[in-house]
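A look at the structure
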Amino acid sequence: LLQGFAVNYVMLLLSRAFSGVWAAVGSTAQVYVADSTSPAMLPAYMARLSAVPGLAMIFGPGLGGGLSKFGLNVPIVVDGLVSL
């Protein structure tokens, strides 16, 4: 969310560094699901978690391109809002 409101390059780099701190959220979610789910439901939940990056690669560029018609920072702000 901070990246969308960056007014200069330094602020953009600092916000990217801050978001890099949260890069391990996906693997942490997988560990949590693996530890807290029953063995019968584990394959279904892990399959859903594994499908998310692929869906993001398929639909993300199209959505970002469509949102960029409203401004170049709009896709970044929407990404930050969806991540909350």
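Cut-offs applied
Residues numbered from 1 in each chain as written. Predicted model: local features only at pLDDT ≥ 70, side-chain atom pairs only at ≥ 80, totals over all residues. Heavy atoms only, no water. Helix = DSSP H or I, 4+ residues; strand = E, 2+ residues; numbered from the N terminus. Buried < 20%, exposed > 50% of the residue type's maximum accessible area, 1.4 Å probe, protein only. Polar contact = N/O pair within 3.5 Å; in protein donor to acceptor, adjacent residues only side chain to side chain. Contact = heavy atoms within 4.5 Å. Patch = residues over 30% accessible without salt bridge, like charges linked within 9 Å, V, L, I, M, F, W, Y side chains within 5 Å. Areas by Shrake-Rupley, 256 points an atom, 1.4 Å probe, with all protein chains shown as cover. Salt bridge = Lys/Arg side-chain N within 4 Å of Asp/Glu carboxyl O. Axes fitted to C-alpha atoms, helices over the stretch in contact; angles between N-to-C directions. Parallel < 35°, antiparallel > 145°, perpendicular 65-115°, else oblique. Nonpolar A, V, L, I, M, F, W, Y, C, P; charged D, E, K, R; others polar. pLDDT = per-residue confidence, 0-100. 1 Å grid on protein atoms, 1.4 Å probe; cavity = no way out; pocket = protein on both sides within 12 Å on 5 of 7 lines; lining within 4 Å. Points joined across faces, edges and corners; volume = space filled by probe spheres on them.

Some points on the side chain of Ser 15
Relative to the elements of secondary structure, Ser 15 occurs in helix α1 (residues 9-21). Classification of Ser 15 as buried rests on a relative accessible area of 6%. Within the structure, Ser 15 has its side chain in polar contact with the backbone oxygen of Leu 12 (distance 2.8 Å). Not counting the four nearest positions on each side in its chain, Ser 15 is found in contact with Leu 2 and Gln 3.

Some remarks on a nonpolar patch on the surface
On the surface, Leu 2, Phe 18, Val 21, Trp 22 and Val 25 cluster together into a nonpolar patch covering about 540 Å² of accessible area. Here Val 21 lies in helix α1.

Things to note about the packing of helix α2 (residues 25-36) against helix α3 (residues 42-67)
It is at 10 Å that the axes of α2 and α3 come closest, and there the two elements cross at 170°. It follows from the interaxial angle that α2 and α3 lie roughly antiparallel. Of α3, the residues touching α2 (which contributes Ala 29, Gln 30, Val 33 and Ala 34) are Leu 42, Tyr 45, Met 46, Leu 49 and Ser 50. The class makeup of the residues in the contact of α2 with α3 is 7 nonpolar, 2 polar and no charged.

Some remarks on the confidence of the model for the protein
Chain-level pLDDT for the protein is 87 on average; 99% of the residues reach the 70-or-more range. The least confident element of the protein is α1, whose mean pLDDT is 82; the most confident is α3, at 92.

Looking at helix α4 (residues 74-83)
Counting along an α-helix, one turn takes 3.6 residues, and residues three or four places apart therefore face a common direction. Burial in α4 covers these residues: Pro 75, Val 77 and Gly 80. Each element contacted by the buried residues of α4 is listed here: α3.

A look at the layout of surface pockets
Computed from the structure, the largest pocket encloses a volume of approximately 1,200 Å³. Lining the largest pocket are 31 residues, and of these Asp 79, Gly 80, Val 82, Ser 83 and Leu 84 sit closest to its centre. Elements represented by at least two residues in the lining of the largest pocket include exactly α1, α2, α3 and α4. Per-element accounting of the lining of the largest pocket gives the leading share, 10 residues, to α3. Grouping the amino acids of the lining of the largest pocket by side-chain chemistry returns 20 nonpolar, 9 polar and 2 charged.

Describing the environment of Ala 6
Topologically, Ala 6 is positioned in the segment before α1. With sequence-adjacent residues up to four places away left out, Ala 6 is seen in contact with Met 11 and Leu 12.

A closer look at the environment of Ala 56
In this fold, Ala 56 is placed in helix α3. Classification of Ala 56 by relative accessible area gives partly exposed; the value is 45%. Along the backbone, Ala 56 and Val 74 are 18 residues apart, and their C-alpha atoms lie at a distance of 17 Å.

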